[in-house]
Amino acid sequence: MDIRRRNNVTVTGHADAPVLLLAHGFGCDQNMWRLVVPTLAESYRVVLFDYVGSGRADPSAWDERRYSSLEGYALDVLEVCEELDLRGITFVGHSVSAMIGVLAAAKAPQRISRLVMVAPSPRYIDEDGYRGGFSAEDIDELLESLESNYLGWSAAMAPVIMDNAERPELGQELTASFCATDPDMARVFARTTFLSDSREDLKTVTVPTLVLECRQDVIAPREVGAYIRAAIPGSRLVTLEATGHCPQLSAPQATARAIADFLGAV
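How each quantity is defined
Residues numbered from 1 in each chain as written. Predicted model: local features only at pLDDT ≥ 70, side-chain atom pairs only at ≥ 80, totals over all residues. Heavy atoms only, no water. Helix = DSSP H or I, 4+ residues; strand = E, 2+ residues; numbered from the N terminus. Buried < 20%, exposed > 50% of the residue type's maximum accessible area, 1.4 Å probe, protein only. Contact = heavy atoms within 4.5 Å. Pairing = 2+ DSSP bridges. Right-handed = clockwise from strand over helix to strand, strands pointing away. Expected span 1.5 Å × (residues − 1). Axes fitted to C-alpha atoms, helices over the stretch in contact; angles between N-to-C directions. Parallel < 35°, antiparallel > 145°, perpendicular 65-115°, else oblique. Nonpolar A, V, L, I, M, F, W, Y, C, P; charged D, E, K, R; others polar. Core = buried A, V, L, I, M, F, W, Y, C linked by side-chain atoms within 4.5 Å. Salt bridge = Lys/Arg side-chain N within 4 Å of Asp/Glu carboxyl O. Phe/Tyr/Trp six-rings, centres within 6.5 Å; stacked < 30°, edge-to-face > 60°.

Draft legend 1. The environment of Leu78, seen in detail. Structurally, Leu78 can be placed in helix α3 (residues 70–84). Residue Leu78 is classed as buried on the basis of its relative accessible area of 9%. Each C-alpha atom, one on Leu78 and one on Ala105, is 8.9 Å from the other, the two residues being 27 residues apart in sequence. Other than its neighbours up to four places away in sequence, Leu78 contacts Ala104, Lys107 and Ala108.

Here it is, written out as structure tokens:
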């Protein structure tokens with residue numbers, strides 16, 4: 001298997017610079033990073049890829065059993081790292097990819113030496129003493145709607161997730177990204193994402209970690225950022241003056257600056 005083709009790997013920036021590996025979240029692809037890449041590429045080697053089942057990754061590599069767990073997506077990350085012989089890199093994961101990065105770093109600590117979590121959540125469902133932002137019934141309804149009418153769900157949910165009503169083009173872009181994803185593959189990734197519980201995995205993190213949250217995010221409320229900050233000793237929590245779940249699109253300069261500031265301090 002040609003990993004570079006399978007995961008649509010692209011590389012930009014300085015060949016000899018420290019490496020940033022940017023990983024997208026559910027329903028998205030590497031294009032979601034395009035507004036932060038030019039700034040980051042000025043000082044770093046930036047590697048982007050698409051998970052199998054997303055973007056322009058090879059759909060023939062799809063395996064429902066593999067991608068029914070976050071470990072399957074972490075394996076994609078590690079295989080990209082092995083293919084490019086990446087070591088000591090910074091993994092930048094958006095949304096569920098933040099937790100995928102945690103799993104990958106635990107499996108291959110020689111590959112990943114820093115984590116940047118953008119709008120992360122280790123568990124989306126509320127529990128006694130923990131607020132993830134959704135009740136179990138909320139998630140059941142979300143998944144039922146997604147599975148019964150994926151395109152309709154995408155059109156309705158993308159603007160809510162983006163949460164920038166004064167900039168409707170951002171919601172439209174997220175809608176287009178969702179709709180470009182194969183519905184059957186999206187259903188599997190959605191269940192893997194929204195039913196996941198990675199809270200115990202946070203205990204495995206020993207590398208310098210930045211948690212980036214937005215001041216308002218319907219998918220990952222601020223209680224989640226505080227939870228992760230407390231769960232990972234020495235981690236840094238930065239609240240961006242941005243709304244929505246995709247600050248790399250709604251506040252790209254602030255997002256890139258926060259990442260660069262963190263890397264300059266570690």
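Draft legend 2. Representation of the pairing of strand β7 (residues 236–243). Where strand β6 (residues 209–216) meets β7, six bridges bridge the pair, whose relative direction is parallel. By the bridge assignment, Val211 is partnered in β7 with Leu237. The handedness of the β6 to β7 crossover, carried by helix α9 (residues 222–231), is right-handed.

Draft legend 3. Examining unusual backbone geometry more closely. The phi dihedral of Asp85 falls on the positive side, at around 50°, and the residue is not glycine. Looking at the element boundaries, Asp85 is found in the loop between α3 and β4 (89–94). At Asp163, a residue that is not glycine, the phi angle is positive and equals roughly 55°. By secondary structure assignment, the location of Asp163 is in the loop between α6 (150–162) and α7 (168–179).

Draft legend 4. Main features of α3. For α3, spanning 15 residues, the distance from its first C-alpha to its last is 22 Å, which sits close to the expected 21 Å at 1.5 Å a residue. Across the 15 residues of α3, eleven count as buried, placing the element largely inside the fold.

Draft legend 5. Structural detail: the packing of helix α5 (residues 136–148) against helix α8 (residues 183–194). At their nearest, the axes of α5 and α8 sit 10 Å apart, and the two run at 170° to each other. With respect to their mutual orientation, α5 and α8 come out roughly antiparallel. Contact residues: α5 offers Ile139, Leu142, Leu143, Leu146 and Glu147, while α8 offers Ala186, Arg187, Ala190, Arg191 and Phe194. The class makeup of the residues in the contact of α5 with α8 is seven nonpolar, no polar and three charged.

Draft legend 6. Local environment of the nonpolar core. Core analysis: the biggest nonpolar cluster contains 67 residues, and Leu21, Phe26, Val77, Leu115, Met117, Leu174 and Phe178 have the highest contact counts within it. Ignoring sequence-local partners within four residues, the contact set of Leu115 consists of Phe91, Gly101, Val102, Ala105, Val205, Val207, Pro208, Thr209, Leu210 and Phe262. Listed in part, the 24 residues of the second largest apolar core include Leu22, Ala242, Ala258 and Ile259.

Draft legend 7. Summary view of the pattern of salt bridges. For the structure shown, the criterion picks out 19 salt bridges. Between Arg199 and Glu127 there is a salt bridge, with the nearest N and O atoms lying 2.9 Å from each other. With a gap of 72 residues between them, Arg199 in the loop between α8 and β6 and Glu127 in the loop between β5 (112–118) and α5 connect regions that are remote in the sequence. One salt bridge connects Arg222 with Glu213, and the closest N-O pair in it is separated by 3.1 Å. By relative accessible area, which is 42% here, Arg222 ends up partly exposed.

Draft legend 8. Up close: the side chain of Ser177. Following the sequence through the fold, Ser177 ends up in helix α7. When residues no more than four places from it in sequence are discounted, the contact partners of Ser177 are Gly27, Cys28 and Asp29.

Draft legend 9. A look at the packing of aromatic side chains. Counted under the stated rule, the structure contains 14 aromatic pairs. Taking 5.6 Å as the distance between ring centres and 80° as the angle between the ring planes, the aromatic pair formed by Phe26 and Phe189 counts as edge-to-face. Here Phe26, found in the loop between β2 (19–23) and α2 (37–40), pairs with Phe189, found in helix α8; they are 163 residues apart in sequence, far enough to count as distant. Relative accessible area serves as the criterion here: at 9%, Phe26 is assigned to the buried category.

Draft legend 10. Region of the structure containing the sheet that holds strand β3 (residues 45–48). One open sheet holds the seven strands; their spatial order is β1-β3-β2-β4-β5-β6-β7, and the pairing between them is mixed. Edge positions in the sheet fall to β1 (10–13) and β7, since each of these pairs with one other strand and no more. Between one strand and the next, the sheet's axes are offset by a mean angle of 20°, whatever the strand orientation. Sheet strands touched by α3: β1, β2, β3, β4 and β5. Its angle to β2, the strand with the most contacts, is close to 150°. Contacting β2, β4, β5, β6 and β7, helix α11 (residues 252–265) runs over the sheet at an angle of about 155° to β6.

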